[in-house]
Amino acid sequence: MTATSAVSTLDQVMERWEPVIGLEVHGQLLTQSKMFCGCSADYIGSPPNSNTCPVCLGLPGVLPVMNRVAVEYTVRSALALNCEIPERSKFDRKNYFYPDLPKGYQISQWDMPLSLNGHLTFTVDGAEVRCGITRVHLEEDTGTLQHAGDILQQARSSVVDLNRAGVPLMEIVGEPDLRTPAQAREYLVRLRQILVYIGVNDGNLEQGSFRCDANISLRKHGETGLGVKVEVKNMNSFRAVHRALEYEIVRQGRLLDQGQTIAQETRGWVEAKGATISQRSKEYAHDYRYFPEPDLPPLHLNAEFVDRVRAALPELPQQLAERLQRENGLSAYDAATVTAEREDARAFESLVAAGVPAKAAANWLMGEVARLARESRTPLPGSGLGLEGLASLIKLVEAGTINGSTAKELLEELYLAGGDPAAVVEERGLGQVSDQAELERLVDAVLAENPAAVADFQGGKEQALQRLVGGVMKATRGRADARVVTGLLRDRLAP
Amino acid sequence: MSWENVGELGARLRSGETTPAQLADHARSAIESLASLHPVLRYTGALTEHQAGRAARMLAESPEQAGPLCGIPFAYKDVLCVEGVETSAGSKILEGFIPPYTGTALQRLLDAGAVPVAVTNCDEFAMGSSNENSAFGPVGNPWDPSRVPGGSSGGSAAVVAAGAVPFSLGTDTGGSIRQPASFCGVAGFKPTYGRVSRYGLIAFASSLDQIGPFARSVEDAAHVFTAMAGHDPRDSTTSPLPVEPVATQLARGVAGMRLGVPREYMAEGLEPGVRAAVEAALAQLEKLGATLVEVSLPSTEAALSTYYIIAPAECSANLARMDGVRFGLHVDRQSLTDTYLETRGQGFGPEVKRRIMLGTYALSSGYYDAYYRQAQKVRTLIAEEFDRAFETVDALVCPTSPIVAFPKGDKSDPLSMYLCDVLTLPVNLAGLPGISIPCGLSEGLPVGLQVIGPRLGDAQVLRVARAYEAATAWHTQQPPPLPAASEAFA
């Protein structure tokens with residue numbers, strides 16, 4: 001075993017070692033203004049350094065003023081994650097020098113965060129996982145840097161953009177309760193889903209409004225102590241988190257198998273290489289010299305405020321999925337799929353409210369509509385067809401007025417362009433031929449025109465029936481119900 | 001020089017005998033004649049003209065509604081930000097920094113029609129007790145140019161003491177208004193922490209800093225305080241409580257008041273001349289009907305070391321933004337670290353570096369509990385002792401400084417300089433209001449009487465000070481005329 005350990009696979013490493021994973025998530029809050037000044041928190045697309053003021057530029061003499069909505073959003077998030085909200089909390093200064101940090105310190109929370117002791121429960125491969133949430137606290141985002149080169153220390157020149165500086169940032173610190181990359185990924189998916197559902201974060205990993213750092217160490221199965229941990233950064237998709245953790249497990253496992261020790265360090269995930277690289281070792285770890293922020297009085301959150309936020313907490317995705325199973329008879333799978341994205345869940349509920357059967361609503365939303373939304377980059381609510389049009393279209397199918405393939409063609413045509421499906425069906429005569437006498441007449445004509453196919457079928461070639469069905473469908477320009485036609489043909493051809 | 005007070009100047013403005021622009025010109029020439037003292041770093045130029053015009057219109061439109069400060073010239077300390085006027089905090093690192101905004105206290109004075117004329121010299125980032133730490137050279141005391149005016153607001157004290165402007169603004173973190181007021185023989189008032197907005201004040205130690213006025217009378221200081229005080233949504237540490245009207249309090253006298261004399265503030269270490277002047281002042285207050293009570297503030301001894309942990313700790317963070325990236329001095333080097341090191345190494349003076357290092361050390365991992373946390377506990381004790389004292393007395397009276405103005409260069413070791421503030425810095429630690437007013441001369445140099453009040457008892461402090469001032473003439477004493485320029489350097 002030891003001879004081959006240098007090239008052990010992930011599965012082999014995980015047979016010998018148990019990964020211990022804890023995630024730190026930073027989420028920008030969807031407030032109107034920044035954390036401590038009146039500048040817009042929506043900074044994407046502004047010309048560099050235009051979305052700034054003396055406060056977020058950190059000019060001499062300015063003072064921070066706390067954004068109350070950001071506090072409320074953080075409390076809302078903490079409650080959704082089953083945290084306790086202490087009555088007293090405070091802000092602290094976290095001191096370090098970096099050009100994207102205008103004041104030379106970040107206003108954050110150290111020993112008295114807004115919330116503590118929560119948890120998130122979810123299912124991976126049929127097994128329930130409960131991950132503790134150490135704390136959810138509030139801080140401010142930094143600016144952004146662009147370097148001529150990979151990292152600042154090697155750059156020929158760097159430019160600073162402070163548009164993002166001071167945007168409210170919530171940090172969710174998870175306990176090291178996760179044991180596999182799949183669990184880590186699912187934790188993030190669920191966490192993101194909750195934050196988006198409760199309207200505090202837009203869940204965009206690519207743009208970095210939802211970002212994740214991972215701490216990972218390995219230990220022998222059955223041990224309770226912790227190994228030396230490595231912090232992994234720069235993962236900007238769920239897939240990247242999954243891959244980076246797999247990479248680290250294999251890297252650390254091979255080193256341990258060779259009897260080497262793991263260096264406590266920060267490593268960055270490099271997507272193009274599919275590998276993590278060392279960024280900063282422990283010797284260079286910062287001493288942040290936290291101390292209470294003297295410019296902001298301590299926070300007192302009374303029970304009344306917390307109760308009000310709790311009462312206003314919207315339905316969480318898991319609760320909604322359970323309700324859809326209970327009230328609408330969706331399968332667990334359909335319910336989970338429909339509630340994955342908040343917009344889809346809202347669309348589903350609107351369709352059902354408009355009289356569309358639940359199963360049909362789920363199928364259409366998750367199938368054709370999802371495809372069109374993705375391809376056209378236009379979500380249903382913003383499309384020409386809209387929710388109302390979709391409801392009307394599905395109802396035409398359910399009533400037997402049009403068949404499935406006509407409906408798909410119409411959806412494709414009307415999704416962006418818009419229009420009333422019922423009117424279009426009426427105008428173009430797309431309605432299904434459901435007149436029995438008419439269908440029988442067409443069936444007889446097709447039988448008469450295709451004696452060879454009739455003979456084949458009666459000779460035992462079942463697939464010949466499809467040619468006859470196709471003939472009838474062609475004669476009706478696709479407007480017949482194929483199942484009805486098949487039935488009629490079988491009746492006629494019955495010996 | 002003009003020795004007229006705010007009321008007298010206001011009367012002349014309203015009678016049409018003079019104009020805000022003329023008063024501003026006059027103040028400027030008066031300041032120019034003080035060049036050998038070096039109390040001013042720059043003039044406010046176009047802003048002076050603009051504001052004089054604005055004041056003239058306010059006086060013309062509604063002389064009744066225009067407040068007492070309308071049209072009155074003043075100077076402010078080089079740590080206060082006014083849009084378009086350089087503010088350098090007495091430091092090379094901020095030389096050339098022109099704020100794009102105006103701080104709240106200044107804005108309120110501008111809105112009251114006051115006319116800024118000059119920006120005064122001070123210790124670098126308000127760190128010092130002699131004004132010798134200014135990167136742009138020391139300030140001379142109008143009473144004796146070879147002596148210091150006190151610090152850190154030395155320039156602001158000097159221009160008022162020399163009769164160039166009726167009032168000026170300073171800042172007080174550990175005594176930086178009261179001690180120079182004492183050394184220069186003028187009134188210097190540090191309001192309750194949170195009573196005047198700090199927005200626009202370049203921070204030294206955020207939990208201790210407070211803006212306040214220098215004036216030649218308590219009444220004038222009260223006018224300036226009233227114009228600046230009150231809640232500011234831009235400063236979360238300002239009190240939301242309404243400001244008690246000061247004017248009605250001023251004339252009420254001290255008869256029937258109980259005034260505490262802290263035993264520890266009258267202990268050894270006071271210069272005999274200071275002790276004599278302060279004891280005479282206490283006797284005067286008693287004669288005016290106040291009851292003197294000895295009180296004890298046993299933690300006074302620990303105040304100095306407490307202060308020199310908390311203030312440097314806060315300054316180590318507050319001054320981190322001076323990094324050469326966005327404003328001020330930038331020394332370009334190959335690497336980021338070298339750029340930081342060189343910019344800050346060349347930009348800061350030795351006292352500022354000393355305090356940044358002290359503060360960085362006190363906050364470091366492993367030392368935080370022993371220093372910063374412990375200091376915060378002692379700070380609470382000090383505040384509680386004051387609170388207890390104010391359960392039995394209305395105000396405290398004591399010396400402002402144990403010594404009078406000392407010769408430049410006399411206190412070259414930092415600790416002896418720090419000891420200058422031993423009677424003023426406990427007041428900042430407790431967040432209380434305090435004033436220094438002239439109460440005599442010792443060997444021809446002014447002595448200051450300090451009045452300390454309970455939190456938000458600003459009007460009470462001014463009332464006691466006014467009662468003393470009304471019964472004495474020390475505030476009308478003028479320094480001897482300056483020697484001619486050639487003699488000054490002889």
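Treat the numbers as computed from the prediction; the structure is a model and nothing was measured.

K.L.:
Can you help me understand the overall build of chain B in this one?
P.N.:
Within chain B one finds 17 helices and 11 strands. Whereas a compact globule of 490 residues would reach a radius of gyration of roughly 23 Å, chain B reaches 21 Å, a difference of no more than 12%. Taken along its principal axes, the extent of the C-alpha atoms in chain B is 65 × 50 × 50 Å. Of the contacts formed within chain B by residues at least 6 apart in sequence, a portion of 77% connects residues at least 24 apart.

K.L.:
Would you mind showing me how to read the overall build of chain A here?
P.N.:
Summing up its helical and strand segments, chain A has 16 helices and 15 strands in all. At 30 Å, chain A has a C-alpha radius of gyration far larger than the 23 Å of a compact globule built from 495 residues. C-alpha extents for chain A along the principal axes are approximately 90 × 60 × 50 Å. Counting the 495 residues in chain A, one finds 39% classified as buried. The long-range fraction of contacts in chain A, counting pairs at least 24 apart against all pairs at least 6 apart in sequence, stands at 69%.

K.L.:
Can you help me understand the interface of chain A and chain B in this one?
P.N.:
Many authors give the size of an interface as the accessible area that is lost as the parts come together. Tallying the contact residues gives 28 residues for chain A and 36 residues for chain B. For the side of chain A that touches chain B, the per-class residue count stands at 18 nonpolar, 5 polar and 5 charged.

K.L.:
Mind showing me how you'd approach the domain arrangement of chain A here?
P.N.:
As far as domains go, chain A holds domain 1 (17-223 + 230-236 + 286-303), domain 2 (317-428) and domain 3 (436-493). In this structure, domain 1 of chain A and domain 2 of chain A have C-alpha centres spaced 36 Å apart.

K.L.:
In this structure, what is going on with the sheet that holds strand β5 (residues 115-124) of chain A? I would like to understand it.
P.N.:
Sheet strands associate in pairs through backbone hydrogen bonding, adopting either a parallel or an antiparallel arrangement. Residues and elements named next belong to chain A. One open sheet holds the 8 strands; their spatial order is β5-β6-β9-β1-β10-β11-β12-β13, and the pairing between them is mixed. The strands lining the two open edges of the sheet, one partner per strand, are β5 and β13 (275-281). Taking each pair of neighbouring strands and ignoring which way they run, the sheet shows an average axis angle of 30 degrees. Running over the sheet, helix α3 (residues 181-197) touches β1 (17-28), β5, β6 (127-140), β9 (168-174) and β10 (210-220) and is turned about 115 degrees from β5.

K.L.:
Quick question: what am I supposed to make of the packing of helix α10 (residues 300-318) of chain B against helix α12 (residues 350-363) of chain B here?
P.N.:
When two helices pack together, you describe them by how their axes are tilted relative to each other and by the distance separating the axes. Residue and element names in this part refer to chain B. Two elements in contact, α10 and α12, have axes separated by 7 Å at closest approach and are oriented at 100 degrees. Viewed along their axes, α10 and α12 adopt a mutual orientation that is roughly perpendicular. Residues Tyr-308, Ile-309, Pro-312, Ala-313, Glu-314, Cys-315 and Ser-316 of α10 lie in contact with α12, whose contacting residues are Arg-355, Ile-356, Leu-358, Gly-359, Thr-360, Ala-362 and Leu-363. In the contact of α10 with α12, the residues fall into 9 nonpolar, 3 polar and 2 charged.

K.L.:
How should the nonpolar core be read in this particular structure?
P.N.:
For soluble globular proteins, nonpolar side chains are generally found buried alongside one another. With 231 residues, the main nonpolar core has A:Ala214, B:Val159, B:Ala187, B:Val464 and B:Ala465 as its most contacted residues. Top contributing element to this core by residue count: α10(B), with 9 residues. Ignoring sequence-local partners within four residues, the contact set of B:Val464 consists of B:Val254, B:Met257, B:Leu259, B:Ala395 and B:Val451. By size, the runner-up hydrophobic cluster in this structure holds 34 residues, among which are A:Leu351, A:Ala362, A:Leu393 and A:Tyr415.

K.L.:
Explain the environment of A:Glu128 to me, please; I cannot follow it from the model alone.
P.N.:
Residues and elements named next belong to chain A. Its place among the elements puts Glu-128 in strand β6. Each C-alpha atom, one on Glu-128 and one on Gln-183, is 10.0 Å from the other, the two residues being 55 residues apart in sequence. Not counting residues up to four positions away in its chain, the partners in contact with Glu-128 are Thr-121 and Thr-123.

K.L.:
When you look at unusual backbone geometry in this model, what are you seeing that I'm missing?
P.N.:
Glycine aside, the phi torsion of most residues is negative, and most peptide linkages are trans. In this chain, B:Gly151 is followed by B:Ser152 through a cis amide linkage whose omega measures 5 degrees. Tracing the backbone shows B:Ser152 in the loop between β3 (115-120) and α5 (154-161). Backbone geometry at A:Asp125 places phi at a positive 50 degrees, although glycine is not the residue there. For A:Asp125, the location among the structural elements is in the loop between β5 and β6.

K.L.:
Where do I start with the pairing of β9(A) in this structure?
P.N.:
Where a strand is regular, its side chains alternate between the two sheet faces. Residues and elements named next belong to chain A. The buried fraction of β9 is high, at 5 of 7 residues. For β1 and β9, the ladder comprises 5 bridges, and the chain directions are antiparallel. Residue Gly-27 lies in a different strand from β9, and its bridge partner there is Met-170.

K.L.:
What's the story with the sheet that holds strand β1 (residues 40-43) of chain B in this structure? I'm lost.
P.N.:
Residues and elements named next belong to chain B. Taken together, the 11 strands give an open sheet; going across it, the order is β1-β3-β2-β4-β6-β5-β10-β11-β9-β7-β8, and neighbouring strands pair in mixed fashion. Among the strands making up the open sheet, the edge pair consists of β1 and β8 (291-295). In this sheet, neighbouring strand axes are inclined to one another by 30 degrees on average, regardless of whether the strands run parallel or antiparallel. Inspection of the sheet shows β1 paired to β3 by 3 bridges, in the antiparallel sense.

K.L.:
How should I be thinking about the packing of α10(B) against helix α13 (residues 369-392) of chain B in this particular structure?
P.N.:
All names here are of chain B. In the contact formed by α10 and α13, the axes pass within 9 Å of each other and the chain directions differ by 125 degrees. On the basis of their axis angle, the class for α10 and α13 is oblique. Between α10 and α13 lies a crossing whose hand is left-handed. On α13, the residues touching Ala-302, Ala-303, Thr-306, Ile-309, Ile-310 and Ala-313 of α10 are Tyr-371, Tyr-372, Ala-375, Val-378, Arg-379 and Ile-382. Partitioning the contact of α10 with α13 into residue classes produces 10 nonpolar, 1 polar and 1 charged.

K.L.:
Teacher, can you tell me more about the pairing of β13(A) here?
P.N.:
Residue and element names in this part refer to chain A. Examined bridge by bridge, strand β12 (residues 265-270) and β13 share 6 bridges and lie antiparallel to one another. If you follow Val-270 over to β13, its bridge partner there is Ala-275. Turn length for the β12-β13 hairpin, with the two strands adjacent in sequence and antiparallel, is 4 residues, and the turn residue Gly-274 shows positive phi of about 65 degrees.

K.L.:
How do you make sense of helix α16 (residues 458-471) of chain B when you look at a structure like this?
P.N.:
Along an α-helix, a turn takes 3.6 residues, which lines up residues three or four apart on a common side. All names here are of chain B. For α16, with 14 residues, the first-to-last C-alpha span of 20 Å sits near the 20 Å given by 1.5 Å per residue. Across the 14 residues of α16, 12 count as buried, placing the element largely inside the fold. Taken together, the buried positions of α16 are Asp-458, Ala-459, Gln-460, Val-461, Leu-462, Arg-463, Val-464, Ala-465, Arg-466, Ala-467, Tyr-468 and Glu-469.

K.L.:
Whenever I open this one, the confidence of the model for chain B confuses me. Can you help?
P.N.:
Keep in mind that low pLDDT regions are not for reading the predicted coordinates in detail. All names here are of chain B. On average, residues of chain B score 96 in pLDDT, and 99% of them are at 70 or above. Across residues 486-490 the pLDDT falls below 50, and counting only partners more than four positions away or on other chains, this stretch makes 4 contacts in the model. In the predicted assembly, ipTM is 0.96 and pTM is 0.90.

K.L.:
Just checking my understanding: could you explain helix α4 (residues 104-111) of chain B for this structure?
P.N.:
Residues and elements named next belong to chain B. Burial runs high along α4: 6 of the 8 residues are buried. For α4, the set of buried residues is Thr-104, Ala-105, Leu-106, Arg-108, Leu-109 and Leu-110. Packing partners of the buried residues in α4 comprise α3 (46-61), β2 (73-77), β6 (211-215) and α7 (218-228). A positive phi of about 90 degrees marks Gly-113, the residue just after α4.

K.L.:
Would you mind showing me how to read the environment of A:Arg467 here?
P.N.:
Residues and elements named next belong to chain A. As for its placement among the helices and strands, Arg-467 is situated in helix α15 (residues 464-475). Its 16 C-beta neighbours within 10 Å are what place Arg-467 among the partly exposed residues. Sequence-wise, Arg-467 and Phe-457 are 10 residues apart; in three dimensions their C-alpha atoms are separated by 9.9 Å.

Here is what the cut-offs are and how they apply
- Residues numbered from 1 in each chain as written.
- Chains lettered and ligands numbered in written order.
- Predicted model: local features only at pLDDT ≥ 70, side-chain atom pairs only at ≥ 80, totals over all residues.
- Helix = DSSP H or I, 4+ residues; strand = E, 2+ residues; numbered from the N terminus.
- Rg over C-alpha atoms; globule rule 2.2 N^0.38 Å.
- Contact = placed C-beta atoms within 7 Å.
- Buried ≥ 20, exposed ≤ 12 C-beta atoms within 10 Å, placed from the backbone.
- Nonpolar A, V, L, I, M, F, W, Y, C, P; charged D, E, K, R; others polar.
- Domains from an automatic or database assignment.
- Pairing = 2+ DSSP bridges.
- Axes fitted to C-alpha atoms, helices over the stretch in contact; angles between N-to-C directions.
- Parallel < 35°, antiparallel > 145°, perpendicular 65-115°, else oblique.
- Core = buried A, V, L, I, M, F, W, Y, C linked by C-beta atoms within 7 Å.
- Left-handed = near helix turned anticlockwise from the far one by under 90°.
- Expected span 1.5 Å × (residues − 1).
- pLDDT = per-residue confidence, 0-100.

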